Amino acid sequence: ECREEASKRVIGQTQIIDGILTALLTEGHILLEGVPGLAKTLAVKTFAEISGMDFKRIQFTPDLMPADVTGTNIIVKDELGNSKFQFQEGPIFSNIILADEINRTTSRTQSALLEVMEENQITVDGYTIKAHNPFNVIATQNPFGSAGTQRLPESQVDRFMICLSLGYPDSKSEVEILRRKQLSNIIKERQHHHAVDIS
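Residues numbered from 1 in each chain as written. Predicted model: local features only at pLDDT ≥ 70, side-chain atom pairs only at ≥ 80, totals over all residues. Heavy atoms only, no water.

### Quick look at the pattern of salt bridges
On inspection of all chains with the given rule, the structure shows three salt bridges. We note a salt bridge from aspartate 100 to arginine 57, for which the minimum N-O separation is 2.6 Å. Placement of aspartate 100 in strand E5 (residues 96-100) and of arginine 57 in strand E2 (residues 55-59) is noted, with a sequence separation of 43 residues between them. With a closest N to O distance of 3.5 Å, arginine 104 and glutamate 101 form a salt bridge. Judged by its relative accessible area of 25%, arginine 104 is partly exposed. Residue glutamate 101 is classed as buried on the basis of its relative accessible area, which comes to 18%. (Salt bridge = Lys/Arg side-chain N within 4 Å of Asp/Glu carboxyl O. Helix = DSSP H or I, 4+ residues; strand = E, 2+ residues; numbered from the N terminus. Buried < 20%, exposed > 50% of the residue type's maximum accessible area, 1.4 Å probe, protein only.)

Right, here's the structure in full:
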């Protein structure tokens, strides 16, 4: 049923659908490699909606820091005006994590995922916090050699149960994608004209 529902939104990418479904059912992690525009992000969002689980997306960029992933201690004032540290959770605290373009960030930031992917826990400033249950990382990466990318270290790749290299959909699927896109644009245009007429 999940597979059928996902196939309605993600056209011609059965590899992605089957891979993500397998990872979610086995509580494993999956790495999807392919050029932008292959519906990787759409597929992850679709499964998060279908499952009803918490979902967070982390866009990996060269300037992303480990604390941007795990969270950090911040200073807050209590009701008496005293300062104290309080942990502010990062986006890693969710059921399904989309690590988008994981190979565009530094090895230091990638290492923020190592502990949680292996042990389902996060350690920050000496304190260890359990990850959500279930917990899945679904990472996407651009092909190595693309601008701004670097190879993932072996320790990171080892954390993934499934690694898929994706190609373009077949010609029939591409026609269906274009047909749906055109239909969507027509609907949006009619809604816009209808809104203008009412006003």
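### Re the pairing of strand E7 (residues 127-130)
Relative to E7, strand E6 (residues 121-124) runs antiparallel, the two being bridged by four bridges. Paired with isoleucine 122 across the bridge in E7 is isoleucine 129. Here E6 hands over to E7 after two residues, with aspartate 125 in that stretch at a positive phi of 50°. (Pairing = 2+ DSSP bridges.)

### A look at the side chain of glutamine 141
Residue placement: glutamine 141 occurs in strand E8 (residues 136-141). Side chain to side chain, glutamine 141 and glutamate 33 meet in a polar contact 3.3 Å long. Setting aside its immediate chain neighbours within four residues, glutamine 141 contacts Leu31, Leu32, Glu33, Gly34, Glu101, Ile102, Asn103 and Leu152. (Polar contact = N/O pair within 3.5 Å; in protein donor to acceptor, adjacent residues only side chain to side chain. Contact = heavy atoms within 4.5 Å.)

### Focus on the sheet that holds strand E9 (residues 162-165)
Pairing within the open sheet is parallel, and its five strands lie in the order E2-E5-E8-E1-E9. Strands at the two margins of the open sheet, each flanked by one partner only, are E2 and E9. Taken over all neighbouring pairs, the strand axes of this sheet differ in orientation by 15° on average, direction set aside. Helix H2 (residues 14-26) rests against strand E1 (30-33), E5, E8 and E9 of the sheet, and its axis sits at about 170° to E9. Contacting E1, E2, E5 and E8, helix H3 (residues 40-51) runs over the sheet at an angle of about 170° to E5. (Axes fitted to C-alpha atoms, helices over the stretch in contact; angles between N-to-C directions.)

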